[in-house]
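Next come the chains, spelled out residue by residue.
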Amino acid sequence: MGSPTRDTDAADRVTPVELFFDVVFVLTITQLSQLLLDKPDGTGLTRVILILGLLWYLYSGYAWLTNHLPPRRPARKFLLFAGMAGFLLTAVAIPDAFTGSGLLFGLGYLIVVTVHLTLFSRSTARAGVRRLAPYNLGAAALVIAAGLATGPAVRALWVAAVFTQTVLPYLLPRHSWISAAASFHIRPAHFVERHGLLVIVALGESVVAIGIGVPHDNVPFTTAAAVVLALALPGTLWWTYFTDTRYAETVLHHADDATRTRLAARVYIVSHFLLLLGIIATATGLHAVVAHPDTPAGWPPALGLSGGVALFLLAVADQRHALGEGHALSRLITAFAVAATAPVGAVVNAALHLTLITALMTVMLLVDGHRAVSPEART
């Protein structure tokens, strides 16, 4: 193979094809929300965590990819569409990924991995990708094996796949991991914008859950009020997230290459995984509220709503801590306060539960949502 392409066409802004890619990927969020809605128990939650863990790691890989190689050339766009096709197949297979459609999921995932490696091999990050390629391909092989297996072996193979891809590379000897990380060069403006747009689209999925949950035969005043309130909650999540994006971009811009790569992995792989998991759980809770606002939702939907918002806030607090921004305490306090409201939704009233959570989020934003701390002000 020839020498890798020099990344001269810098990734300054997110391209339309990347946004289209995100729209396709967010079908994964929709499917996982439905999976959790259909199986609101430990089994459903475990499957959601495993599937999201596998797919989010590779989505992050594509974000790093287009940060190195902006998909402006036709060949890159065509390959990116092939990656979309792989993600689409995995999303379609999600409802029965542990039973009947596991093989389809595995084949789709193999396409995602292969396209990612093919494109990245032409970048200046070629050396790092070579070190990580065996883990990605190994995970794909394990998922395909899970699709061919039955019984307890299916879950064991899934766990092995997630471990192989997301944990095992970090257990490499330190010099090997540093060598791999040194190949990546993050362009902060594009990187932060790309993840921000994905969060917007994912929050939009929670709004879709609102519309799906509304009864179609009649819409009484209480249901209409619950719908408006259910839109307000994703609005507060949006506001909470985008309060920090400019600061994150500034911190990454001023960091050296090694620190920037480490922070990007810490914040945009780990913290954003928890953040998306929170959005998925929140969407299931919102669906239940708008369906029956006048009655208790029961424990699974109430825990989904409170737990999802709390997890979102914990992820934001973790991101602030990693970036050295400070002011994470309000997010932590609000997360615990939101979690404590779960009994209201479970045994009292679903709409009242949503009202309390939205009020807590609003108070948090009013108290310190507009604070700004510059990187230069840190001690």
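Up top is the structure.
Residues numbered from 1 in each chain as written. Predicted model: local features only at pLDDT ≥ 70, side-chain atom pairs only at ≥ 80, totals over all residues. Heavy atoms only, no water.

1. Notes on the overall build of the protein chain
In terms of helices and strands, the protein chain carries 15 helices and zero strands. Against the globule reference of 21 Å for 379 residues, the protein chain gives a C-alpha radius of gyration of 21 Å, in line with a compact fold. Within the protein chain, buried positions represent 53% of all 379 residues. By sequence separation, contacts in the protein chain at least 24 residues apart represent 82% of the contacts at least 6 residues apart. (Helix = DSSP H or I, 4+ residues; strand = E, 2+ residues; numbered from the N terminus. Rg over C-alpha atoms; globule rule 2.2 N^0.38 Å. Buried < 20%, exposed > 50% of the residue type's maximum accessible area, 1.4 Å probe, protein only. Contact = heavy atoms within 4.5 Å.)

2. So, the pattern of salt bridges
Overall, the coordinates contain seven salt bridges when judged by the stated rule. For Arg260, the salt bridge identified is with Asp257, shortest N-O distance 3.6 Å. Here Asp257 and Arg260 lie together in helix H11 (residues 257-291), a separation of three residues that amounts to about one turn. With relative accessibility at 12%, the residue Arg260 sits in the buried group. Assessed through its relative accessible area of 39%, Asp257 is described here as partly exposed. Salt-bridge contacts for Asp318 lead to Arg266; the nearest nitrogen and oxygen are separated by 2.4 Å. Taken as a pair, Asp318 in helix H12 (residues 299-323) and Arg266 in helix H11 lie far apart in primary sequence, 52 residues in all. Accessibility expressed as a relative area gives 29% for Arg266, which makes it partly exposed. What you see here is one network of salt bridges that share partners, running through Glu18, Asp22 and Arg194. (Salt bridge = Lys/Arg side-chain N within 4 Å of Asp/Glu carboxyl O.)

3. Focus: the environment of Leu237
With respect to the element layout, Leu237 can be found in helix H9 (residues 221-242). Overall, the relative accessible area of 2% leaves Leu237 in the buried class. For the pair formed by Leu237 and Met361, sequence separation is 124 residues and the distance between their alpha carbons is 8.0 Å. Excluding its chain neighbours within four sequence positions, the residues that come into contact with Leu237 are Leu203, Thr282, Val309, Phe312 and Met361.

4. Considering a nonpolar patch on the surface
A surface patch of nonpolar side chains, about 540 Å² in accessible area, is lined by Trp299, Leu303, Val347, Val348, Leu352 and Leu356. Residue assignment for the nonpolar patch shows that the elements contributing at least two residues are H12 and helix H15 (350-368). Within the secondary structure, Leu356 is located in helix H15. Relative accessible area serves as the criterion here: at 34%, Leu356 is assigned to the partly exposed category. (Patch = residues over 30% accessible without salt bridge, like charges linked within 9 Å, V, L, I, M, F, W, Y side chains within 5 Å. Areas by Shrake-Rupley, 256 points an atom, 1.4 Å probe, with all protein chains shown as cover.)

5. So, the packing of H12 against helix H13 (residues 329-339)
Orientation of H12 relative to H13, taken along the N-to-C sense of each, is 170°, at an axis distance of 8 Å. Classified by the interaxial angle, the pair formed by H12 and H13 is roughly antiparallel. Contacts between H12 and H13 involve Ser306, Val309, Ala310, Leu313, Leu314, Val316, Ala317 and Arg320 from the former and Arg331, Leu332, Thr334, Ala335, Val338 and Ala339 from the latter. Within the contact of H12 with H13, the residues separate by chemical class into ten nonpolar, two polar and two charged. (Axes fitted to C-alpha atoms, helices over the stretch in contact; angles between N-to-C directions. Parallel < 35°, antiparallel > 145°, perpendicular 65-115°, else oblique. Nonpolar A, V, L, I, M, F, W, Y, C, P; charged D, E, K, R; others polar.)

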